[in-house]
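# Summary of structural features
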Amino acid sequence: GYQLTRDRFKNRDDIVWIPLDQLSPELSEKLYEPRDNKDLIWSIAKFGITMPLEVQSDGKIIDGRRRYETARELGWPDVPCKIEDCDEEETKIRINTRAVVRNRTVREEFIWLLEFCRMSNFDIKELSGRQIAELLGRSHDYGSWFKKVLIQYREEYPEIAEAVLKGEIKLS
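Attention here is on the structure that accompanies the text. (Residues numbered from 1 in each chain as written. Predicted model: local features only at pLDDT ≥ 70, side-chain atom pairs only at ≥ 80, totals over all residues. Heavy atoms only, no water.)

### Things to note about the overall build of the protein
What counts, and what does not: Secondary structure elements follow DSSP: runs of H or I of four or more residues count as helices, runs of E of two or more count as strands, with numbering from the N terminus. Think of it in three bands: with a 1.4 Å probe and only protein chains considered, a residue is buried below 20% of the maximum accessible area for its type, exposed above 50%, and partly exposed in between. Residues are treated as being in contact if the distance between any of their heavy atoms lies within 4.5 Å.
When helices and strands are tallied, the protein shows 8 helices and 4 strands. If you list the helices and strands of the protein from N to C, you get α-β-α-β-β-α-β-α-α-α-α-α. In the protein, which comprises 172 residues, the proportion classed as buried is 37%. In the protein, 70% of the contacts between residues at least 6 apart in sequence involve partners at least 24 apart.

Next comes the structure, spelled out in structure tokens:
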């Protein structure tokens, strides 16, 4: 996973590699409940980190605490980071916004997206995965998954979409 991550970000000028001992999760650690990272550990070990951590110039993590913890557990020396220039107030707003986004259920997001499309006169089927991700404040992978399972497959596989909406199938 580590070499895949190195290769993935090697040509990105906006990414810096920061040693783990120079990063601190203190800004976000009070906002999130501890979770089992088994799936994330497996994913990062196999596929690497796909989204860089967002950090302040002093090394405080704005977004990516679980990726940071997983990299530590896997024995990585450093992780890809994007330095965000923002003051303390803006940092708190970003962290709190991400906490709210992460605490929404898939059902709540789907209902919100349907309502947004209705009010904006959009056909939900015409939205791309990237557009869905941006509207929901999620990753592009999540937006693509959301579109595929809940929109494209809703008619073909209604039992899968309903299971997702009921929380029987979860996306980590």
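The structure having been displayed, the exposition proceeds.
### Quick word on the pattern of salt bridges
Defined as follows: Any Lys or Arg side-chain nitrogen located within 4 Å of an Asp or Glu carboxyl oxygen qualifies as a salt bridge.
Scanning the entire structure with this criterion turns up 6 salt bridges. Ionic pairing is found between arginine 6 and aspartate 78, a salt bridge with its closest N-O pair at 2.8 Å. Of the two residues, arginine 6 sits in helix α1 (residues 2–8) while aspartate 78 sits in strand β4 (residues 78–83), which places them 72 residues apart along the sequence. When salt bridges that share partners are traced, they join Arg12, Asp14 and Lys82 into one network.

### Considering the packing of helix α2 (residues 38–47) against helix α3 (residues 65–73)
Let me state the cut-off plainly: A fitted line through C-alpha atoms represents every axis, and for helices the fit uses only the stretch in contact; the resulting angles, taken between N-to-C directions, go from 0 to 180 degrees. Orientation labels follow simple angle bins: below 35 degrees gives roughly parallel, above 145 gives roughly antiparallel, 65 to 115 gives roughly perpendicular, and whatever is left gives oblique. Handedness of a crossing follows from how the near helix is turned relative to the far one, being left-handed for an anticlockwise turn of less than a right angle and right-handed for a clockwise one. Note that Gly is not counted as nonpolar here; it falls among the polar residues with everything else outside the nonpolar set of Ala, Val, Leu, Ile, Met, Phe, Trp, Tyr, Cys and Pro and the charged set of Asp, Glu, Lys and Arg.
It is the contact of α2 with α3, at a shortest axis distance of 10 Å, that shows an interaxial angle of 70°. Considering their axes alone, α2 and α3 lie roughly perpendicular with respect to each other. Judged by the sense of rotation from one axis to the other, the crossing of α2 with α3 is right-handed. Mapping the contact onto sequence places Leu40, Ile41 and Ile44 in α2 and Arg66, Arg67, Thr70 and Glu73 in α3. In the contact of α2 with α3, the residues fall into 3 nonpolar, 1 polar and 3 charged.

### Some details on the nonpolar core
Soluble, globular proteins show a tendency: their nonpolar side chains are buried together. Condition: Residue types Ala, Val, Leu, Ile, Met, Phe, Trp, Tyr and Cys, when buried and joined through side-chain atoms within 4.5 Å, form a set referred to as a nonpolar core.
Counting residues in hydrophobic clusters, the biggest one holds 13 residues, and the most contacted among them are Leu20, Leu23, Leu53, Val55, Trp76, Val79 and Cys81. When residues of this core are traced back to their parent elements, those giving at least two are β2 (53–55), α3 and β4. Once residues within four sequence positions are removed from consideration, leucine 20 is found in contact with Tyr68, Ala71, Arg72, Trp76, Pro77, Asp78 and Val79. Counting 11 residues, the second largest nonpolar core, distinct from the first, contains Leu127, Tyr142, Val149 and Leu150.

### Topic: the pairing of β4
The test is simple: Strand pairing is defined by DSSP finding a minimum of two bridges between the two strands.
In the sheet, strand β1 (residues 16–19) pairs with β4 via 4 bridges, with the strands oriented antiparallel. Among the inter-strand pairings, tryptophan 17 is bridged to a residue of β4, identified as proline 80. Where β2 lies against β4, 3 bridges are found, and the strand directions are parallel. Pairing of valine 55 across the sheet is with isoleucine 83, part of β4.

### Regarding the environment of arginine 67
Our working definition: Contacts described as polar in this section are N or O atom pairs within 3.5 Å, which, within protein, must combine one atom able to donate a hydrogen with one able to accept it, while residues neighboring in sequence count only if both atoms come from side chains.
If you trace the backbone, arginine 67 turns up in helix α3. For the pair arginine 67 and isoleucine 41, spaced 26 residues apart in the sequence, the C-alpha separation amounts to 8.5 Å. The residues touching arginine 67, leaving out its near neighbours within four places in the chain, are Leu40, Ile44, Ile49, Met51, Pro52 and Leu53. A polar side-chain atom of arginine 67 sits 2.6 Å from the main-chain carbonyl oxygen of methionine 51. There is a polar contact of 3.0 Å between the side chain of arginine 67 and the backbone oxygen of proline 52.

### Re the sheet that holds β2
Spatial strand order, β1-β4-β2-β3: 4 strands in an open sheet with mixed pairing. Two strands lie at the open edges of the sheet, namely β1 and β3 (61–63), each paired on one side alone. For this sheet, the mean inter-axis angle between neighbouring strands, taken without regard to orientation, is 55°. The sheet contacts of α3 involve β2, β3 and β4, and relative to β3 the element is tilted by about 120°.

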